[in-house]
Number of protein chains: 2
Amino acid sequence: MTVVPAINPRQAAVDIDPAFTDRWSPRAFDDAPLDDAQVAALFEAARWAPSSSNEQPWVFLFARSAEDRARFADLLSGGNRNWAPKAPLLLFLATRRTIARNGRVNRHAGFDAGAAWMSLALQARRLGLHAHAMGGFDQERAYVELGLDPATHELMAAIAVGRRADPVDVLPEDLVERERPNGRVETASFVFEGRMPADPEPVAG
Amino acid sequence: MTVVPAINPRQAAVDIDPAFTDRWSPRAFDDAPLDDAQVAALFEAARWAPSSSNEQPWVFLFARSAEDRARFADLLSGGNRNWAPKAPLLLFLATRRTIARNGRVNRHAGFDAGAAWMSLALQARRLGLHAHAMGGFDQERAYVELGLDPATHELMAAIAVGRRADPVDVLPEDLVERERPNGRVETASFVFEGRMPADPEPVAG
């Protein structure tokens, strides 16, 4: 297995737990399999995420076998197919659309699933792994292939998890150049006291 | 300030970072103000959350002054008004509905805001604080009072942040009894290999 130096140029503007800047979304994955304890720990971290009325609306479908990974990878869209299939663990994260006890639409399900995803991503780093979420996949085919009824469930993201590899060994040249942690806008552009200003500074996309 | 014992009965089923089971959503808050560095660290942690195309669609509005806290608390629904107004920091978390560079609807915004919320909640614990998200508030009045245009922004949650107080000192009796970390369903009820089973076990709400 290639040893990749753990260089991360992200600098927090104020002192925070380094876990937050240590987490990023690489594309260069080593295809060495994860062990059962690692996989279980990822889902266990997600399990303890908060959710509206403790509804826990998240559902994780995972692929570890060569056959399942190929099926999952085949649902990803163009760009993601150039790197994600290498990852030894592929996930789809969905939500249950309605609240179990009363059948009403759960308008917090996506938000709560985002919290579960963040927990999984941070636990991945604790295990020496990285997790990379993807919005780009064939929605229509994914519901069919994954056995999800779009009337009851909503797909939120695909996720690749694994150890990092040397980008030069596993990525096409254009992706090697982009293989680094990205930055963020300043806090002042998204945090406001008391109310939204009438003319906030435009936020870079 | 009352000293509250840091007892947490949550037990992870497999070994994970204890930060995840250490985080929960109390109602007994001490009204002692937070300092600037604490408030800045909460938003800094949220800042580094991942988002689709690094869009960073989250917006945080915060209340620290007595006047702003009263305005924010007045937007909360019934049950939350019995405990949340004590918290020295109240937040509303919203998203931008569209993608800055192309004006299209950002269907990942809520999910991404959930990741930012989780980061903030975990950073709160690092600071010796707790964060409690609430879905219950007056949607219609909140947009007006917070200066948010519902055509461009979507409110996701209200959040109370502060140090814990002794529940007996600050909560009505019925809430004192409920002041403990809640549990979770088993991982097996929301994690499936390869595809969704045709008849998954019903999940408790």
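Our subject is the structure that appears above.
Asker: Help me understand the sheet that holds strand β5 (residues 191-193) of chain A, please; the structure alone is not making it clear to me.
Answerer: Hydrogen bonds between backbone groups are what pair the strands of a sheet, and the pairing can be parallel or antiparallel. If you trace the 5 strands from one edge of the open sheet to the other, you get β5(A)-β1(B)-β2(B)-β4(B)-β3(B), paired in mixed fashion. For this open sheet the edge positions go to β5 of chain A together with β3 (130-134) of chain B, each flanked by a neighbour on one side alone. Between one strand and the next, the sheet's axes are offset by a mean angle of 25 degrees, whatever the strand orientation. Of the pairings in the sheet, the one linking β5(A) to strand β1 (residues 58-63) of chain B comprises 3 bridges and is parallel in character. Bridge assignment links Phe192(A) to a residue of β1(B), and that residue is Leu61(B). Packed onto the sheet, helix α2 (residues 36-47) of chain B meets β5 of chain A together with β1, β2 (89-96) and β4 (153-162) of chain B and runs at close to 165 degrees relative to β1(B).

Asker: I tried to follow helix α5 (residues 139-146) of chain A on my own but got confused; where do I start?
Answerer: One full turn of an α-helix is made of 3.6 residues, so residues set three or four places apart face in the same direction. All names here are of chain A. Among the residues of α5, Ala142, Tyr143 and Leu146 are the ones counted as buried. Summarising the axial view, the buried residues of α5 lie within an arc of 100 degrees, below the 170-degree limit, and thus occupy one face. Turned more than 90 degrees away from the buried face of α5 sit Glu140 and Arg141, all of them exposed. Elements that come into contact with the buried residues of α5 comprise β1 (58-63), β2 (89-96) and β4 (153-162). Gly147 lies just past α5 and shows a positive phi near 70 degrees.

Asker: When you look at the pairing of β2(A) in this model, what are you seeing that I'm missing?
Answerer: Two faces, one strand: in a regular strand the side chains alternate between the faces of the sheet. All names here are of chain A. In terms of burial, β2 is largely enclosed, as 8 of its 8 residues are buried. Burial along β2 is two-sided: Leu89, Leu91, Leu93 and Thr95 facing one way and Leu90, Phe92, Ala94 and Arg96 facing the other are all buried. In this sheet, β2 lies alongside β1 in antiparallel orientation, the contact comprising 6 bridges. The partner of Ala63 across the bridge, within β2, is Leu90. Pairing between β2 and β4: 8 bridges, direction antiparallel. Of the residues in β4, the one forming a bridge with Leu93 is Ala157.

The rules behind the values
Residues numbered from 1 in each chain as written. Chains lettered and ligands numbered in written order. Predicted model: local features only at pLDDT ≥ 70, side-chain atom pairs only at ≥ 80, totals over all residues. Pairing = 2+ DSSP bridges. Helix = DSSP H or I, 4+ residues; strand = E, 2+ residues; numbered from the N terminus. Axes fitted to C-alpha atoms, helices over the stretch in contact; angles between N-to-C directions. Contact = placed C-beta atoms within 7 Å. Buried ≥ 20, exposed ≤ 12 C-beta atoms within 10 Å, placed from the backbone. Arc of directions from axis to C-beta.

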